[in-house]
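Chain by chain, the residues:
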Amino acid sequence: MSEFFEAFWHGEGVGDGSDLEEALQAYVTVKPDDNDWIAACAVKEAAPRIERFSSFEAYLDNKDPLEVIEVSPQMIVVAIEQLPL
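This structure is a prediction, so every number in the text was calculated from the model and none was measured.

A. Examining the environment of glycine 17 more closely. Its place among the elements puts glycine 17 in strand β2 (residues 12-17). Sequence spacing of glycine 17 and glutamine 82 is 65 residues, and the spatial spacing of their C-alpha atoms is 14 Å. Setting aside residues up to four positions removed in sequence, glycine 17 forms contacts with Phe4, Phe5, Glu22 and Ala23.

Here's what the structure looks like:
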């Protein structure tokens with residue numbers, strides 16, 4: 001079994017992935033119009049985070065995440081830059 005990651009923005013799941021980079025790339029779905037991730041992440045309610053689960057099955061079974069990763073604007077920018085054009 002491989003790990004599973006879910007990305008959150010404003011308390012809502014915005015995407016997921018089989019690794020951290022893939023989950024971070026899900027933030028492209030909430031990309032700010034002005035592309036200012038620093039300002040967007042500074043909004044308290046945004047609270048970007050990634051929850052890491054031991055497997056997709058653990059996620060489906062509503063198990064607690066193994067860890068919660070606080071996401072920085074830089075993490076999002078670097079991951080999105082890796083997306084193919």
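Continuing now.
B. Structural context of the nonpolar core. Core analysis: the largest hydrophobic core is formed by 17 residues, its most contacted members being Trp9, Leu24, Tyr27, Trp37, Ile50, Val71 and Ile76. Elements supplying a minimum of two residues to this core: β1 (4-9), α1 (20-25), α2 (37-42) and α4 (73-81). With residues near it in sequence (within four places) discarded, tryptophan 9 still touches Val14, Tyr27, Val30, Trp37, Ala40, Cys41, Ala46 and Pro48.

C. Layout of α4. For α4, every residue scored as buried is listed here: Ile76, Ala79 and Ile80. The buried residues of α4 occupy an angular sector of 95 degrees when projected down its axis, which confines them to one face. Away from its buried face by more than 90 degrees, α4 exposes Gln74 and Glu81. Buried residues belonging to α4 abut α1 and α2.

Each value, and the rule that gives it
- Residues numbered from 1 in each chain as written.
- Predicted model: local features only at pLDDT ≥ 70, side-chain atom pairs only at ≥ 80, totals over all residues.
- Heavy atoms only, no water.
- Helix = DSSP H or I, 4+ residues; strand = E, 2+ residues; numbered from the N terminus.
- Contact = heavy atoms within 4.5 Å.
- Core = buried A, V, L, I, M, F, W, Y, C linked by side-chain atoms within 4.5 Å.
- Buried < 20%, exposed > 50% of the residue type's maximum accessible area, 1.4 Å probe, protein only.
- Arc of directions from axis to C-beta.

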